[in-house]
Amino acid sequence: MFSIPVSRIGTARLLLAAVLLLLGALAGCGRLKDDAALLADARSYQARGEPKAAIIQVKNVLQRTPGNGQARLLLGQLYLEVGDAVSAEKELQRADALKMPAADVLPALGTAMVLQGHYEQALARLPDEPAQPRWQAVRGDALLGLQRIEAARTVFEQILRRQPASAGALLGLARIAQSEHHPDAALSLADRAIAAAPAEPAAYRLRGELLRMQGQFDPALAAFRKAAALRPQLLQSRVDIVALYLQAGKLAQARAELATVHKMAPNSPQLAYQQALMDFQERKLASAQEQLQLVLRAAPDHMPSILLMGAVELARGALPQSEQHLRRFLDAHPGHHYATRLLAGIAVRNGNPDEALRLLAPMLEPPQEDAEALALAGEAYMKLRLYAKASAVYARAIALAPRAATLHSALGLSRMAMGETEQALAELEQAAALETSTPRAGLLLVLAQLRNKENGKALRTITQMEKNQGGSALIYNLKGGVLLANQDMAGARASFQRALALDPRSQAALDNLTQLDLYEHHPEQARLRLETALQGDRKNVQLLTALGQLALVQGQTVAARDWLARAAAAAPDAPQPAIVLARFDLQHGNAPQGLLLAQKLQATYPDRPDVLALLADTQAGAGNVEGALDSLSKLALLQPGSAPVQLRIAATEMALKQTDAALRSLERALALQPDYPEAQAALAGLHMRRSEYDGALRVIRIMQQQHADNPLPYKLEGDVMMLQRQGAAALRAYQHGYQLQASGPMVMAMHDALRLAGQAGDAKARLTRWLQDHPTDQAVRMHLAQGLLADKDYGAAIVQFDQAVRQDPANILALNNLAWACQQQKDPRARAYAERAYQRAPHNPAVLDTLGWILRDQGEAARALPLLQQASSLAPGAQEIRYHYAVLLAGAGQRQEARRQFQQLLASKDFRRRDEVQVMMAKW
C-alpha cells in the first residue's frame with residue numbers, strides 16, 4: 001500500500017492551498033477582464049448601429065455586477081437610442097445614484113424625461129448652467145414643451161453664441177420657428193443642424209416633419225428614410241414613415257410599413273399608437289380604442305394617445321369621455337389647435353356656443369387663424385343667432401380655403417338666416433358645384449330652393465345629383481321631399497320606399513313614410529312599419545322615439561310614454577332620450593316625474609347646458625319657480641355671453657314678480673345682442689306691465705327702426721294702445737303689421753281691437769273669414785271658440801271646439817273646453833269628451849276639474865271628490881278649482897274642511913264668488 005510520509009502531508013496541504021489561491025486570483029482577473037471586454041463589445045455594437053446587441057452585452061455585465069455605474073450609464077444611453085425613454089430614465093437615475101459624472105448623465109436623463117413629456121421634472125433635474133451646453137439644450141427642449149417660447153429661445157441662442165454649430169440648439173430654434181408659422185426659417189435651421197451633425201437622426205426627422213406639414217410628401221419621405229437608415233433600430237423614424245403614409249391617405253403602404261416595423265418590436269406602444277391612428281382613419285373606432293388602451297396602460301401620460309383617445313371618443317359620440325381626455329391633453333399643451341377645435345366642437349354640440357367661442361378666440365385672428373377654427377366659430381355664432389357675425393367668419397374661412405364646399409354651405413345658411421336669399425343660394429350652388437361626390441352640399445341647396453319656393457329648380461338639382469352620385473337612400477329621401485312639395489304624393493311615397501329598400505334602417509325614410517301615412521289617415525300602417533323595423537334592432541333609440549311620437553299623435557299618451565321610456569332605457573349613457581322623456585312628462589301634466597328625471601340627469605351631467613335648461617323647465621312646471629331661477633343662474637355661468645339665457649332668467653323673474661331684477665336681466669340680454677327682437681319685446685312687455693307706456697313705446701320705436709319688415713313691433717304698439725283702451729289706434733298698428741305679414745296672431749289681435757272698439761260683429765267676421773282661407777289654423781279657431789265661450793254662446797263654441805278636436809285629437813284644451821261647453825248645454829256628450837281628455841292628460845288640473853264637476857252633476861260625487869282634490873293640489877292658485885273642491889267637500893258632509901277651503905278663497909280680494917260662498921257658509 002502506497003502511503004505518504006507524515007513529514008510530507010503538511011507540504012502537500014500547503015501546495016494545495018497555494019494552487020487554490022492562484023486559481024482564485026486567476027478567476028478574479030478573468031471576471032474583471034470579462035466586464036471590461038463586454039462593455040467594449042457593447043460600445044463596438046453601438047458604433048456599428050446595433051444597439052440591441054449592445055444592450056444584451058451591458059445586461060450581462062449588470063447581471064454579475066449590478067453596481068457598475070459605467071454599465072448603467074451606457075444602458076440608459078442605449079435605451080434612448082432605441083426610443084425606450086421609460087427604461088432609459090430608470091437606468092440613468094441609477095447611474096446618477098452611482099455617482100457617474102453629471103456631464104454624462106444629466107443630458108441623457110433630461111432627454112428621457114422630455115421624451116415622456118415630463119418637462120417640469122427635467123427642468124428641476126437640470127441646473128441652469130450656461131457652461132453645460134449639452135444639458136442646456138435639453139432645458140430648452142423642456143421649456144419649449146411647456147410653451148415657454150421666449151425662455152426656450154433665450155436658452156438656444158445662448159448656446160449658439162458659445163457653440164455656433166450646436167445641432168441641439170439649431171433644432172430647438174427650428175421647432176420655435178415651426179410653432180410661429182415660419183416654415184422656411186424652420187427648414188433652414190433644420191438644414192443647418194444636419195450640416196452640423198450629419199449622423200444625427202433627429203435633424204432629419206424634424207426636416208421630414210416640416211416638409212410633411214408643407215404637403216411635400218416625397219421630400220418628407222426621403223428625410224424620414226434617411227433618419228431610419230442612420231439608426232435602423234430607432235422605431236420612431238419608422239413610425240414617422242407610417243404616419244406620413246397615413247396622412248397622405250396611402251393606407252396600403254402604411255399598413256405594409258407597420259407590419260414590417262411590428263416585427264422589430266411587436267409589443268411597442270408606439271406601434272400600437274400608429275395602429276390606432278390607422279384604425280381611426282378607417283373608422284374602426286372600437287379597434288382604435290383598444291389599441292390606445294394598450295398604449296395608455298404602458299404609458300399613462302402619453303399625450304398623443306390621450307389626444308387621439310379624445311378624438312376617438314368624440315367620433316363614438318361619447319362626449320363626456322372625449323371632453324375629459326381633451327382637457328387633460330390641453331392642460332399639458334395649452335392652445336393646441338386640433339385639441340382646442342375638438343373641445344370647441346363638443347361645446348357647440350352641448351349647447352354651449354359661448355364656451356366654444358372662448359376656446360377658439362386665440363385661433364380667430366392672424367397669424368393664428370385657420371379655416372377650421374373660423375368655421376367652428378361660425379357654427380357657434382349661428383347657435384347664438386348672431387347671423388351677421390357667422391357670415392363674417394365664414395367668409396374669412398373661405399378666403400383661407402376657397403375650395404372648401406362645407407364653408408360655402410355654411411356661409412349660404414348664415415346668409416339665408418339673414419334674409420339674403422340670392423347671396424345664400426349663390427353660395428349653396430357653389431358648394432354643390434365643388435362637392436359633387438357627396439350629397440351634403442346638394443342637400444342644402446335643394447332645401448334652400450324649396451324654402452324659396454323654387455320647386456322646379458329643386459327637382460332639377462336633385463336629378464343632377466342622381467346623375468353625379470348614383471342612387472342612394474339619402475338622395476331618394478331628398479327626392480321624395482321635393483315631390484312632396486310639388487304635391488306628388490304617389491311619387492313621394494315611391495321615392496321614400498326606394499330609399500328604405502336601399503337602407504332598411506334609414507330613419508329619414510321611415511319618418512317620411514310615417515308622415516305620409518298620417519296625412520292619408522293610415523296610422524296603423526305606420527306603426528306596423530316601425531315595429532317591423534324594430535324587430536331587427538330592439539334597442540334602436542330613434543325607432544322607439546318615433547313609435548312614441550306616433551302614439552302621441554294618435555292620442556295614446558300612456559303608450560307614448562312607454563315607448564319613450566324604453567328609448568331612454570335603451571341608451572342609459574346618452575342624455576338626449578331621457579331629456580325627451582322628461583319633457584314629455586312636463587308637457588303632459590306630470591311635472592313631478594319630469595322633475596325627478598331632470599334631477600337624475602343633472603347629477604350625472606352637472607355642466608350640460610341642455611340638462612340645466614330642462615331642470616329649470618321642470619322645476620317651473622312643478623311650481624318651484626325659485627329653483628328654476630337658480631338653475632338658470634347656473635346656466636348663465638356656463639353661457640355668460642348668451643342673450644337667450646338672460647331672456648329666460650328675465651321671464652322667470654317676472655313670474656316671481658321681481659320686475660326690477662327682470663329689467664336688469666333684459667338689459668344684459670340687449671347689451672349682449674342689441675337687436676334681439678325677443679328681448680326687446682319682453683322689455684316692452686315689462687314696461688307695459690308696469691304701466692310705463694312711454695318706455696314701452698321707446699323700445700318699440702327702436703325695434704321698428706331695426707326690424708322695419710318685422711310685424712312684431714307693430715303688434716306690440718297695438719298692445720300698448722289696447723292697454724290704454726285706444727281700440728282704433730290699436731287697430732291701425734295691427735293692420736300695419738298685418739300688411740307686412742298676414743298671420744293668425746295678427747288676425748286675433750285685430751279681432752280683440754275691433755271688440756274693444758265696439759265692433760263685435762266685424763271682429764267675429766274677420767276671424768271667420770280667416771278660418772275659411774286657413775281652416776287648419778288651430779290657434780285662430782281656438783281664439784274664436786274661447787271668445788264664444790266667454791260670451792256664453794255655447795252652441796257656436798261647441799261647433800268650433802269640435803272642429804279643433806277633429807283636426808287635432810291631442811288638443812287637450814279644445815277637448816276639455818268642448819266637454820265644459822256641452823255640460824252647459826246639457827249635452828249628453830259632455831262626459832264622454834271629459835273622459836277622453838282625462839285619458840290623454842290624467843294629471844292636468846283643468847281636465848280633472850271639468851271631469852269632476854260633470855261627475856258631480858251626474859250624481860257621482862264619490863268619484864268626483866278625489867279628482868277635484870288632486871286638481872286643487874296640482875293648481876293651488878286656481879280659485880275656480882278650489883271652489884269646486886270645497887263645494888264637493890260640503891256635499892260630502894266634510895264641512896270643516898270645506899270651510900277651510902272657502903276661507904282661503906275669501907282671503908283673496910279678487911275672488912268673484914264671495915257672496916255665493918258667504919250665503920252657503922251662513923246656512924251651516
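Throughout this description, residue numbers start from 1 for each chain and increase along the sequence as written. Only residues with pLDDT of at least 70 get local features here, since the model is predicted, and only at 80 or more are side-chain atom pairs given and counted; chain-wide, interface and lining totals rely on the full set of residues. Here the side-chain values reflect all heavy atoms present in the structure, with hydrogen atoms and water set aside.

Notes on the overall build of the protein chain
Helix numbers and strand numbers start at the N terminus; a helix is a DSSP run of H or I with at least 4 residues, a strand a run of E with at least 2. Scanning the protein chain from terminus to terminus reveals 53 helices and 0 strands. Since a compact globule built from 924 residues should have a radius of gyration of about 29 Å, the 39 Å found for the protein chain marks it as more spread out than a globular shape. Along the longest, intermediate and shortest principal axes, the C-alpha atoms of the protein chain span 145 × 75 × 60 Å. When a residue's accessible area, from a 1.4 Å probe over protein chains only, is under 20% of the maximum for its type it is buried; when over 50% it is exposed; and in between it is partly exposed. For the protein chain, with 924 residues in total, the buried portion stands at 47%. Put simply, 46% of the contacts in the protein chain that link residues at least 6 apart link residues at least 24 apart. Computed over 101 positive and 89 negative side-chain charges, the separation of the two mean positions in the protein chain equals 4 Å. For the radius of gyration, the atoms used are the C-alpha atoms, and the globule rule reads 2.2 Å times the number of residues raised to 0.38. Residue contacts are defined here by distance: any two heavy atoms, one from each residue, within 4.5 Å place the two residues in contact. Positive charges come from Lys and Arg, negative ones from Asp and Glu, while His and the chain ends are left out of the count. By convention, the charge on Lys lies at NZ, on Arg at CZ, on Asp at CG and on Glu at CD.

Structural notes on the nonpolar core
One recurring pattern in soluble globular proteins is that nonpolar side chains are buried together. Nine residue types can take part in a nonpolar core, namely buried Ala, Val, Leu, Ile, Met, Phe, Trp, Tyr and Cys, and a core is a set of them joined through side-chain atoms within 4.5 Å. Formed by 90 residues in total, the largest nonpolar core has its most connected members in Leu716, Val720, Tyr734, Phe801, Leu818, Tyr883 and Phe902. Sort the elements by how many residues they give to this core and helix H51 (residues 879-891) lands first, with 8 residues. For valine 720, the residues in contact, after removing those within four places along its chain, are Met688, Tyr693, Ala696, Leu697 and Ile700. Counting 79 residues, the second-largest nonpolar core is a separate cluster that includes Leu74, Val82, Ala186 and Tyr245.

With respect to the packing of helix H3 (residues 69-81) against helix H4 (residues 85-97)
Axis definition: a line fitted to C-alpha atoms, over the contacting stretch in the case of helices. Angles run 0 to 180 degrees between N-to-C directions. Viewed as axis vectors pointing N to C, H3 and H4 meet at an angle of 160°, and their least axial separation amounts to 8 Å. With respect to H4, the axis of H3 lies roughly antiparallel. Considering only the axes of H3 and H4, their crossing is left-handed. Between H3, through Gly69, Arg72, Leu73, Leu75, Gly76, Gln77, Tyr79 and Leu80, and H4, the contact on the second element is made entirely by Ser87, Ala88, Glu91, Leu92, Arg94 and Ala95. Among the residues making up the contact of H3 with H4, the classes are represented as 7 nonpolar, 4 polar and 3 charged. Any angle between 65 and 115 degrees counts as roughly perpendicular, while under 35 counts as roughly parallel, over 145 as roughly antiparallel, and the rest as oblique. Here is the rule for handedness: rotate from the far helix to the near one, and if that takes an anticlockwise turn smaller than a right angle the crossing is left-handed, while a clockwise turn gives right-handed. Ten residues, namely Ala, Val, Leu, Ile, Met, Phe, Trp, Tyr, Cys and Pro, are considered nonpolar, four, namely Asp, Glu, Lys and Arg, are considered charged, and the remaining ones, Gly among them, are considered polar.

With respect to unusual backbone geometry
Unusually for a residue other than glycine, lysine 99 sits at a positive phi of about 70°. Structurally, lysine 99 can be placed in the loop between H4 and helix H5 (102-115). Notably, glutamine 487 is not glycine yet its phi reads approximately 65°, a positive angle. Here glutamine 487 shows up in the loop between helix H27 (473-485) and helix H28 (489-502).

Details of the packing of aromatic side chains
When the centres of two rings from Phe, Tyr and Trp lie within 6.5 Å, Trp using its six-membered ring, the rings pair. Their planes under 30 degrees apart give stacked, over 60 give edge-to-face, and anything left gives tilted. Under the criterion given, the structure shown has 2 aromatic pairs. For the pair tyrosine 738 and tryptophan 770, a centre-to-centre distance of 6.4 Å together with 70° between the ring planes defines the contact as edge-to-face. You can see tyrosine 738 sitting in helix H42 (residues 727-740) and its partner tryptophan 770 sitting in helix H44 (residues 760-773), a full 32 residues away along the chain. Between tyrosine 883 and phenylalanine 902, the ring centres sit 6.3 Å apart and the planes meet at 50°, which makes this aromatic pair tilted. Residue tyrosine 883 is found in helix H51, and its partner phenylalanine 902 is found in helix H52 (residues 895-906); the two are separated by 19 residues along the sequence. When its relative accessible area of 0% is taken as the criterion, phenylalanine 902 is described as buried. Over the face of the ring belonging to tyrosine 605 we find arginine 608, whose NZ or CZ atom lies 5.8 Å from the ring centre. Consider the ring centre and the ring normal. A charge sits over the ring if Lys NZ or Arg CZ is within 6 Å of that centre and within 35 degrees of that normal.

Quick word on the pattern of salt bridges
For this analysis, a salt bridge means a side-chain nitrogen from Lys or Arg found within 4 Å of a carboxyl oxygen belonging to Asp or Glu. Using the criterion set out here, one finds 44 salt bridges in the structure. Here aspartate 517 and arginine 493 are joined by a salt bridge, their closest N and O atoms 3.0 Å apart. With aspartate 517 in helix H29 (residues 507-519) and arginine 493 in helix H28, this residue pair connects regions lying 24 residues apart in the sequence. Each member of the pair, aspartate 517 together with arginine 493, is buried. One salt-bridge network, in which partners are shared between bridges, spans Glu323, Arg327, Glu355 and Arg358.

Brief notes about the environment of leucine 534
Within the secondary structure, leucine 534 sits in helix H30 (residues 523-535). On the basis of relative accessibility, which here comes to 3%, the residue leucine 534 falls in the buried class. Considered as a pair, leucine 534 and arginine 505 are 29 residues apart in the sequence and their alpha carbons are 9.2 Å apart. Ignoring anything within four residues of it in the chain, the contact list for leucine 534 reads Asn540, Leu543, Leu544, Leu547, Trp563 and Arg566.

Description of the packing of helix H2 (residues 51-64) against H3
Contact geometry of H2 with H3 gives a least axis separation of 10 Å together with a crossing angle of 155°. Relative to H3, the element H2 lies roughly antiparallel. In the packing of H2 onto H3, the handedness of the crossing is left-handed. Here H2 contributes Pro51, Ala54, Ile55, Val58, Lys59, Val61 and Leu62 to the contact with H3, which in turn contributes Ala71, Arg72, Leu74, Leu75, Leu78, Tyr79 and Glu81.

Structural notes on H27
Take the residue count of a helix, subtract one, and multiply by 1.5 Å to get its expected span. The terminal C-alpha atoms of H27 lie 18 Å apart, and with 13 residues this matches the ideal 18 Å at 1.5 Å per residue to within 8%. Within the sequence span of H27, burial applies to Ala473, Ile475, Tyr476, Asn477, Leu478, Gly480, Val482 and Leu483. Two residues or fewer past H27, glutamine 487 is found with a positive phi of approximately 65°.

Looking at the side chain of glutamine 136
As for its placement among the helices and strands, glutamine 136 is situated in helix H7 (residues 133-145). Classification of glutamine 136 as buried rests on a relative accessible area of 1%. In this structure glutamine 136 touches Pro127, Asp128, Glu129, Pro130, Val155, Gln158 and Ile159, once residues within four positions along its chain are discounted.

Some words on the environment of leucine 244
When you line up the elements, leucine 244 lands in helix H13 (residues 235-247). Apart from the residues lying within four places of it in its own chain, the contact partners of leucine 244 are Arg212, Phe217, Ala220, Leu221 and Phe224.

Details of the environment of glutamate 667
In this structure, glutamate 667 sits in helix H38 (residues 659-672). Judged by its relative accessible area of 45%, glutamate 667 is partly exposed. Through-space distance from the C-alpha of glutamate 667 to that of glutamine 680 is 9.1 Å; in sequence the pair is 13 residues apart.

Observations regarding the confidence of the model for the protein chain
Keep in mind that low pLDDT regions are not for reading the predicted coordinates in detail. The predictor attaches a confidence to each residue, called pLDDT, with possible values from 0 through 100. For the protein chain, mean pLDDT is 86; residues scoring 70 or higher make up 95% of the total. Long-range and interchain partners of residues 1-33, a stretch whose pLDDT sits below 50, account for 1 contact in this model, where long-range means more than four residues apart.

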